[in-house]
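Structural description and commentary
Chain residues, written in single-letter form:
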Amino acid sequence: MKNRTLLMIPGPIEFEPAVLAALGAPTTSHLAPNFIEAFGQALERLRELFLAPDGQPFVIAGTGTLAMDSAGANLVEPGDRALVINTGYFGDRFGALLERYGAQVHHLRAPVGGRPALDEVEAALRGGAYKLLTVTHVDTSTGVRTDVKALAALARAYGALCVVDGVCSVAGEELHMSEWGVDVALTASQKAVGVPPGLALLVAGPRALQAYQARKTPVANFYADWGNWLSVMQAYEARKPAYFGTPAVNLIFALNASLEIILKEGLEARLARHRALGRACRAGLAALGLGQVPLSDELAANTMSAPRFPPGVNGPAFLAEAAKAGVTLAGGLHPAIRAEYFRIGHMGSAGLGDILATLGAVEAALEACGHAFTPGAGVAAARTAWRGA
Ligand SMILES: *Cc1c(COP(=O)(O)O)cnc(C)c1O
């Protein structure tokens, strides 16, 4: 392949050949037996991926934002109170969409790169009578990971539904949906799930479905209304066709192919690989003298990194040089620090070779931008960190 570049951004990512082949296969009818089987299997496999044996998966054409929108539309009634654990850009987005459905939203924020402390969350819940608590598992604008297990336990203790935006975490970070008491977990196809953009993936737990059924007002979003999709999902899982909106046939074949690969690797092995990816990437960046947006290593995600530019390095020039060295990286996203940092996605099928190539490109770009460092130090540190715990 000529002019091939390595795509190392926090979604879309590099995709497996079997997934791309499924996407490029001739499109069948959404009523064809082989599609019914693939869709049914994908729904079963999503339940395994989310570790949600009692959850109801929804697969709907759209992006991760549609999955967020669907959680908000179906769970919020005008006047409901919602607490947003806000660790960046996607917390702001969740709050904005909940307000659109009439929620009274309270944002619990931390300084950029941090996350609200659990006792602050508990104090807010104690005083709030919240129906809903939303958490961004990994906020892609900061690379900060939240403690979903502890937050879900607090939400449950105070009678709030716990909704997890796992768009940058599911299939790359630990998430035990049922065991942890998470009521809704959602993601999008193009991140660690490893399928080109176009599918919103959401699993609703029993309490979330009960809250939906207990609504007194209609869902203010026709397309996202779970009532329109529930019977369709149940039908396909029972290997029967059903229709509300035409399923994204090829994307669903691709999703099923990717879920097969994910479950074949095994969730434990996959998470261990992502921990090694995160560790190696951070060690390599540190060896080159780069700081990171997360305020401490324990807060840093395994699916992506958010390194700060060293003083004097121009962001756009750096990214252009990295691309020249064969690796596509992402710029900043958080409005308060947008020009001060860049982002590296290391999720899905990524391995040590991808991290080494990325750090090699980072070194080339730093050199071109006049930053002084020991050549090869990033790559060497990453190799050592990959091996060690
Ligand atoms: C990417 C992302 C989204 C938005 O997903 P889209 O598919 O771009 O709509 C939401 N939340 C998080 C944490 C993300 O990383």
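As the structure is a computational prediction, the values presented were derived from the model and not from experiment. (Residues numbered from 1 in each chain as written. Predicted model: local features only at pLDDT ≥ 70, side-chain atom pairs only at ≥ 80, totals over all residues. Heavy atoms only, no water.)

Topic: the nonpolar core
Spelled out, the test is: Definition of nonpolar core: a set of buried residues of the types Ala, Val, Leu, Ile, Met, Phe, Trp, Tyr and Cys, connected through side-chain atoms within 4.5 Å. Using a 1.4 Å probe on the protein chains alone, a residue whose accessible area is under 20% of its type maximum counts as buried, one over 50% counts as exposed, and one in between counts as partly exposed. Only runs of H or I of at least four residues qualify as helices and only runs of E of at least two qualify as strands under DSSP, and these elements are numbered from the N terminus. Boundaries of every domain are those given by an automatic assignment or by a domain database.
Counting residues in hydrophobic clusters, the biggest one holds 107 residues, and the most contacted among them are Leu98, Leu186, Trp226 and Leu255. By residue number, the principal contributor to this core is helix H10 (residues 249–265), which donates 9 residues. Each of two domains, domain 1 (17–265) and domain 2 (267–386), supplies a minimum of three residues to this core.

Quick look at unusual backbone geometry
For the bond running from Gly11 to Pro12, omega is -5°, close enough to zero to count as cis. As for its placement among the helices and strands, Pro12 is situated in the loop between strand S1 (6–7) and helix H1 (17–24). Phi at Leu51 is positive, roughly 50°, even though this residue is not glycine. Its place among the elements puts Leu51 in the loop between helix H2 (33–49) and strand S2 (56–61). Its relative accessible area of 31% is what places Leu51 among the partly exposed residues. Even without a glycine there, the phi angle at Ala171 is positive, about 80°. Its place among the elements puts Ala171 in the loop between strand S8 (161–165) and helix H7 (177–180).

A look at the site of the ligand
Put simply, the rule is: The cutoff for a nearby residue is simple: one of its non-hydrogen atoms must lie within 4 Å of the molecule or strand. Whenever two N or O atoms come within 3.5 Å, that pair is a polar contact, provided that in protein one can donate a hydrogen and the other can accept it, and provided that, for residues adjacent in sequence, both atoms are side-chain atoms. Accessibility throughout is a Shrake-Rupley quantity obtained with a 1.4 Å probe, and a residue counts as covered only by protein chains that appear here. Put simply, Ala, Val, Leu, Ile, Met, Phe, Trp, Tyr, Cys and Pro go in the nonpolar bin, Asp, Glu, Lys and Arg in the charged bin, and everything else, Gly too, in the polar bin.
Of all residues adjacent to the ligand, which total 14 residues, the nearest are Thr63, Thr65, Thr140, Asp165 and Lys191. A distance of 2.2 Å separates an oxygen atom of the ligand from a polar side-chain atom of Thr140. Taking Lys191, its side chain carries an N or O atom lying 2.6 Å from an oxygen atom of the ligand. Alone, the ligand offers 380 Å² of accessible surface; in the complex the protein occludes 89% of this. The leading source of residues in the shell around the ligand is helix H3 (residues 64–75), at 3 residues. Taken together, the residues of the shell around the ligand break down into 6 nonpolar, 6 polar and 2 charged.

A look at the pattern of salt bridges
Put simply, the test is: The term salt bridge refers to a pairing of a side-chain nitrogen on Lys or Arg with a carboxyl oxygen on Asp or Glu at a separation within 4 Å.
All chains considered together, the criterion is met by 15 salt bridges. The partner of Arg273 in a salt bridge is Glu265, and the shortest N-O contact between them spans 2.7 Å. Exposure remark for Arg273: the relative accessible area of 16% places this residue in the buried category. Arg282 is paired through a salt bridge with Asp297; the nearest N and O atoms lie 3.6 Å apart. With Arg282 in helix H11 (residues 267–287) and Asp297 in the loop between H11 and strand S11 (304–305), the pair connects residues that are 15 residues apart, well separated along the chain. One network of salt bridges, with partners in common, ties together Glu37, Glu44 and Arg239.

Side note on the side chain of Arg215
Filter applied, for reference: Positive charges come from Lys and Arg, negative ones from Asp and Glu, while His and the chain ends are left out of the count. Contacts are assigned to residue pairs with any non-hydrogen atoms lying within 4.5 Å of each other.
In this structure, Arg215 sits in the loop between helix H8 (206–213) and helix H9 (226–237). Here Arg215 is buried and forms no salt bridge, its nearest opposite-charge partner Glu77 lying at an N-O distance of 4.6 Å. Here the side chain of Arg215 touches Val76 through a polar contact of 3.0 Å, landing on its backbone oxygen. Polar contacts involving the side chain of Arg215 include one to the main-chain carbonyl oxygen of Thr217, which spans 2.9 Å. Excluding its chain neighbours within four sequence positions, the residues that come into contact with Arg215 are Ala73, Asn74, Leu75, Val76 and Glu77.

So far we have only geometry, and geometry alone does not tell us how the molecule works.
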